[in-house]
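A closer look at the structure
So you can see what is in the structure, the chains are spelled out below.
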Amino acid sequence: MGRRVLKNRACGSIDVPWQRLDLDRHGRTLLNGQKPCVVWFTGLSAAGKSTIASLLERRLYAVRCHTYLLDGDNVRNGLNRDLGFTAPDRVENIRRLAEVARLMVDAGLIVLVAAISPFRVDRRAAREQMPAGEFFEVFVDAPLAVAEARDPKGLYRKARRGELPNFTGIDSPYEAPEMPDVRIDTVALSAEQAAQRVFDHLQGAGVLPA
Ligand code: ADX
């Protein structure tokens, strides 16, 4: 990965130089034969992002792919535990997920990200920091009424009672992708079928080892 043009905002006028390292991602990738990339799952809470991403990761494991799944809920328990659900916190949540995903791609992994990621502009920024063809946006499409009827964690009920402010789809917006790489209709497809569809897409895109 080459020098990045983004500046360190906390250091004022002092530039933090980019440290060139000997081994680059192409060298690392030679070891495992796969094409590292980001597969970004977006959709409402309870749409099925984590379930489908997790099934996909098992499918990839079965064909000896090296992966990591960054799940919004889990990362919010560690790296992002200082962030809540206001709009600025969500922007920062997605920025960090995208940055970690980029580093993991640099390490040679196929990185799955499962996060509501409600704002188009943030998802676009996540895509734009990756080389062309190395970012796949998967829209896990469940209408609000369907997600709310599922409500596995009881969060929609809480949000409707006013106990969970800024809940996506209730009093915080979700901006659906206009041109996702893959759209999953979660009403029509089972989670297994959905995972297979994403797997097939990655295979068609030449990401998986021959
Ligand atoms: S994101 O909008 O910033 O991308 P992220 O995917 O990390 O969200 O986290 C969403 C998860 O946090 C949901 O699956 C749910 O379990 C939990 N959650 C708690 N409060 C909220 C809220 N106000 N809106 C959405 N999800 C919430």
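Since we're looking at a predicted model, the values are computed, not measured.

What counts as what
Residues numbered from 1 in each chain as written. Predicted model: local features only at pLDDT ≥ 70, side-chain atom pairs only at ≥ 80, totals over all residues. Heavy atoms only, no water. Helix = DSSP H or I, 4+ residues; strand = E, 2+ residues; numbered from the N terminus. Buried < 20%, exposed > 50% of the residue type's maximum accessible area, 1.4 Å probe, protein only. Pairing = 2+ DSSP bridges. Polar contact = N/O pair within 3.5 Å; in protein donor to acceptor, adjacent residues only side chain to side chain. Contact = heavy atoms within 4.5 Å. Axes fitted to C-alpha atoms, helices over the stretch in contact; angles between N-to-C directions.

Once that is clear, we can look at the environment of Ala-125. With respect to the helices, strands and loops of the structure, Ala-125 is situated in helix H5 (residues 120-128). Relative accessible area serves as the criterion here: at 43%, Ala-125 is assigned to the partly exposed category. Separated by 30 residues in sequence, Ala-125 and Arg-95 have C-alpha atoms that sit 8.1 Å apart.

Attention now moves to the pairing of strand S5 (residues 182-185). Covered by surrounding structure in S5 are Val-182 and Ile-184 only, the residues Arg-183 and Asp-185 on the alternate face being uncovered. Pairing of strand S4 (residues 135-141) with S5, which is carried by 4 bridges, proceeds in the parallel orientation. In the strand pairing of S5, Phe-139 is matched with Arg-183.

All right, on to unusual backbone geometry then. Phi at Arg-64 takes a positive value of approximately 65°, unusual for a residue other than glycine. Relative to the elements of secondary structure, Arg-64 occurs in the loop between helix H2 (49-62) and strand S2 (67-71). With relative accessibility at 70%, the residue Arg-64 sits in the exposed group. Look at Asp-151: it is not a glycine, yet its phi comes out positive at around 35°. Here Asp-151 shows up in the loop between helix H6 (144-150) and helix H7 (155-160).

For Glu-137, the location among the structural elements is in strand S4. For Glu-137, a relative accessible area of 8% translates into the label buried. At a separation of 2.8 Å, a polar atom in the side chain of Glu-137 contacts the side chain of Arg-123. Once residues lying within four places of it in the same chain are set aside, the contact partners of Glu-137 are Trp-40, Thr-42, Arg-123, Arg-127, Pro-177, Met-179, Pro-180, Asp-181 and Val-182.

On the basis of which strands lie adjacent, the open sheet formed by 5 strands has the order S2-S3-S1-S4-S5 and parallel pairing. Either end of the sheet is taken by a strand with one partner, and the two such strands are S2 and S5. Averaged over all neighbouring strand pairs, the angle between strand axes comes to 15°, with direction disregarded. Where strand S1 (residues 37-42) and S4 come together, 5 bridges link them in parallel fashion. The residue of S4 that forms the bridge with Thr-42 is Phe-139. Docked against the sheet, H2 engages S1, S2, strand S3 (110-114), S4 and S5, running at close to 165° with respect to S3. Packing of helix H4 (residues 87-106) onto the sheet brings it into contact with S1, S2 and S3, and relative to S1 it is tilted by some 150°.

All we've got here are geometric facts, nothing functional implied.
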